[in-house]
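As a plain string of letters, each chain reads:
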Amino acid sequence: MKKILAVLVLLTLITFGSNRVLAQSGGELHFCLRSEPKTFNPLLAADDASETIRYMTGGVLVRVNRLTQDLEPELATSWKITNGGKTITFQLRDGLRFSDGTAFSADDVAFTMQQLMDPALHSPTGDAFRSSEGKVETEVLPKNRVRITFPAPIAGLDRLFDQVAIMSAKSPQKEMAVLGPYYVGENKAGSYLILKRNPNYWEKDPAGRPLPYIESVRLDIQSNRDIEMLRLTRGEIHFINSLDAEYFDKVVAQDPSMAHDAGASLDSEEMWFNQVATSPQPSYKKAWFISTNFRRAVSEAINREDLARIVFRGHARPAVGPVSPANKFWFNAKLQAHPFDQKSALQRLTQDGFHLQDGALHDRDGHAVEFSVITNAGNKYRERMATMIQQDLSGIGIKLNVVTLDFPSLIERITHTFDYEACLLGLVNDELDPNAQMTVWLSSADSHQWNPSQKTPATAWEAEIDKLMRAQASTLDPKKRKEDFDKVQEIAWQQEPFIYLVNKNALSAVSPAVHNAHPVVLRPQVYWNIDQLSLTSEVARNR
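Presented here is a report on the structure given in the accompanying data block.

Rules used throughout
Residues numbered from 1 in each chain as written. Predicted model: local features only at pLDDT ≥ 70, side-chain atom pairs only at ≥ 80, totals over all residues. Heavy atoms only, no water. Phe/Tyr/Trp six-rings, centres within 6.5 Å; stacked < 30°, edge-to-face > 60°. Buried < 20%, exposed > 50% of the residue type's maximum accessible area, 1.4 Å probe, protein only. Helix = DSSP H or I, 4+ residues; strand = E, 2+ residues; numbered from the N terminus. Axes fitted to C-alpha atoms, helices over the stretch in contact; angles between N-to-C directions. Parallel < 35°, antiparallel > 145°, perpendicular 65-115°, else oblique. Left-handed = near helix turned anticlockwise from the far one by under 90°. Contact = heavy atoms within 4.5 Å. Lys, Arg positive; Asp, Glu negative; His and termini not counted. Salt bridge = Lys/Arg side-chain N within 4 Å of Asp/Glu carboxyl O. Polar contact = N/O pair within 3.5 Å; in protein donor to acceptor, adjacent residues only side chain to side chain. Pairing = 2+ DSSP bridges. Core = buried A, V, L, I, M, F, W, Y, C linked by side-chain atoms within 4.5 Å.

1. A word on the packing of aromatic side chains
Two descriptors summarise a pair of aromatic rings, namely the distance from one centre to the other and the angle between the planes of the rings. As enumerated under the stated definition, the model contains 29 aromatic pairs in all. Ring geometry for Phe98 versus Phe104: centroids 6.2 Å apart, planes at 70°, classification edge-to-face. Comparing Phe98 with Phe104 shows no difference in burial state: the two are buried. An angle of 85° between the planes, with centres 6.1 Å apart, marks the rings of Trp330 and Phe485 as edge-to-face.

2. Looking at unusual backbone geometry
Comment: phi is negative for the bulk of residues other than glycine, and the bulk of peptide bonds are trans. With an omega of -5°, the peptide bond between Leu211 and Pro212 qualifies as cis. Counting through the fold element by element, Pro212 comes out in the loop between strand 9 (192-197) and strand 10 (216-221). Here the amide bond leading from Arg523 into Pro524 is cis, since omega sits at -5°, within 30 degrees of zero. We note that Lys174 has phi near 55°; this positive angle belongs to a residue other than glycine. In this fold, Lys174 is placed in the loop between helix 5 (157-160) and strand 8 (182-188). Take Lys174: its relative accessible area is 57%, and that puts it in the exposed class. Notably, Phe418 is not glycine yet its phi reads approximately 55°, a positive angle. Relative to the elements of secondary structure, Phe418 occurs in the loop between helix 13 (407-417) and strand 19 (422-427).

3. Description of the packing of helix 10 (residues 304-311) against helix 12 (residues 380-394)
In contact at an axis separation of 10 Å, helix 10 and helix 12 are set at 140° when each is read in the N-to-C sense. Between helix 10 and helix 12, the crossing angle belongs to the class labelled oblique. Between helix 10 and helix 12 the crossing geometry is right-handed. On helix 12, the residues that touch Asp306, Leu307, Ile310 and Val311 of helix 10 are Tyr381, Arg384, Met385 and Met388.

4. Observations regarding the side chain of Asp244
Here Asp244 lies in the loop between strand 11 (239-243) and helix 7 (245-254). Buried charge without a salt bridge: Asp244, with Arg225 as the nearest opposite-charge side chain at an N-O distance of 4.5 Å. Within the local environment of Asp244, its side chain forms a polar contact with the backbone nitrogen of Tyr247, the two atoms lying 3.1 Å apart. In contact with Asp244, other than residues within four places in its own chain, are Arg225, Tyr381 and Leu507.

5. Thoughts on the pattern of salt bridges
Counted by the stated rule, this structure contains 25 salt bridges. Here Asp205 ties to Arg209 by a salt bridge, and the two come within 3.4 Å at their closest N and O atoms. Its relative accessible area of 28% is what places Arg209 among the partly exposed residues. Shared partners join several salt bridges into a network, and the residues in it are Arg218, Asp220, Arg231, Arg234 and Glu236.

6. Brief notes about the sheet that holds strand 7 (residues 145-149)
Taken in spatial order, the four strands make up an open sheet running 4-5-7-6, and their pairing is antiparallel. Looking at strand neighbours, the two that pair on one side only are strand 4 (76-82) and strand 6 (137-141), the edges of this open sheet. Adjacent strand axes in the sheet meet at a mean angle of 15°, parallel and antiparallel pairs treated alike. Summarising the sheet, strand 6 and strand 7 pair through five bridges and their orientation is antiparallel. What sits directly across from Glu139, in strand 7, is Arg147.

7. Focus on the nonpolar core
One finds Met271, Phe294 and Phe371 to be the most contacted residues of the largest nonpolar core, which totals 49 residues. If we skip the residues at most four places from it in the chain, Met271 touches Val298, Ile302, Phe371, Ile389, Ala422, Cys423, Leu424, Pro497, Phe498, Ile499 and Leu501. Counting residues in hydrophobic clusters, the runner-up holds 41 residues, among them Leu92, Phe161, Trp202 and Leu211.

8. What to know about the packing of helix 6 (residues 225-233) against helix 7
Packed helix pairs are specified by the crossing angle of their axes together with the interaxial distance, meaning the distance between the axes. At a minimum axis separation of 12 Å, helix 6 and helix 7 run at an interaxial angle of 20°. Accordingly, the angle class assigned to the pair helix 6 and helix 7 is roughly parallel. As helix 6 runs across helix 7, the sense of the crossing is right-handed. Note on element contacts: helix 7 touches helix 6 through Tyr247, Lys250, Val251 and Gln254, opposite Arg225, Asp226, Met229, Leu232 and Thr233.

Now the structure itself:
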């Protein structure tokens with residue numbers, strides 16, 4: 001299987017190379033942002049629009065290839081992690097310049113790290129590097145090298161630099177001087193932005209031609225998805241980076257050649273029970289929710305295949321656990337999605353004293369099993385899932401009430417008042433590394449949703465997860481980290497604090513006018529190789 005995958009990847013990469021040689025330079029690429037960027041400072045980017053600008057304009061030391069998920073050199077030609085995982089040393093490329101002509105050197109990396117780790121800046125990108133209290137030391141070394149030392153080891157340290165766009169220490173343009181393939185050439189607030197080709201971009205194609213091929217990129221601010229779809233079909237924009245299932249099927253109906261389903265994404269939809277001891281629930285319901293048998297029974301009573309097929313029109317797959325199979329390295333391939341088996345579910349419930357009476361499930365004390373699940377109003381996919389789960393659970397005698405709330409009210413309940421019984425929400429996952437899930441799995445964390453901010457772990461299995469998550473974060477051996485995180489996934493699969501439902505597919509739409517587009521599951525799905533995209537010669541001449 002590994003050999004087959006390797007051949008497929010090799011053929012794809014060969015295709016990339018041939019496309020680049022034949023590519024037509026010039027033209028203007030058009031697509032939409034769904035909101036205005038909140039910042040052009042790449043160290044402060046947190047919203048989707050700002051991250052889009054950062055990705056296309058920011059030069060990084062290393063880049064995670066969104067197709068292979070491997071780490072590749074960019075502004076740095078090589079790097080080495082030493083000092084027990086606390087120090088990383090980069091060898092930088094020589095002779096590079098920012099978009100405004102300012103020379104690039106190790107001083108710029110040192111300046112960027114100083115800004116990134118300044119607590120007064122409150123950089124969301126910098127948070128990932130804060131392994132412990134203490135100062136980050138950056139040393140500029142001879143021969144265009146730079147050494148960065150952190151106060152404590154950081155597992156997966158090198159991959160974190162994929163998000164760090166290097167800023168100029170000297171340019172009067174500050175963050176507007178960039179090292180990526182494009183720079184912001186025009187910004188009409190609330191309307192559009194135009195990115196122009198960086199004349200000093202360092203990378204070239206195999207034929208020696210400078211990249212990027214496309215002369216400019218126009219980003220129109222458009223929050224209305226119906227209008228965005230209309231513009232795509234009219235040929236006014238070239239792609240939509242991310243679609244939900246309903247819009248995707250509309251694209252398929254109008255022009256199948258534009259529709260791209262890259263398979264399961266990193267994102268998941270899940271349901272969980274409130275296990276907070278102080279929550280305002282009857283004690284008998286708390287007893288249900290903390291029971292592994294009860295959670296497993298509810299999970300087995302849900303038909304995930306139907307959720308994927310009906311709610312997401314087949315553009316999803318039953319979820320296995322905390323990691324999507326799209327995460328090639330970290331996914332525990334030994335695990336399978338929980339099967340739909342209502343007979344097994346009833347057998348589990350019987351072990352805890354539950355029994356059916358006139359078609360309704362009762363606990364050992366005679367309480368009818370009835371609870372409510374909250375989800376966010378207006379999200380038609382979650383509302384449909386909740387309705388289908390309601391029907392599934394009726395098959396084992398459970399009465400489920402579906403409650404939709406506006407999003408702020410929902411967040412208030414699951415994070416402050418804990419006045420809820422079960423919740424159905426999704427998890428958007430941008431990072432491959434398990435350290436990105438620390439705030440979910442550590443029992444002391446605020447985002448440990450089913451029972452957050454515990455002073456000590458409430459259960460033995462949560463204590464074991466704490467131990468394993470800390471262990472994988474403190475070793476540099478990828479094999480040992482994988483072993484530890486595989487065990488975390490196994491515990492989560494067995495205990496089901498989250499009942500994982502589906503992994504939505506990564507769906508996009510791309511005009512045939514765009515060459516060398518190979519949508520992937522990692523963000524950004526379509527323009528991850530923006531410097532290698534090109535337009536047909538007709539488009540390039542006419543725009």
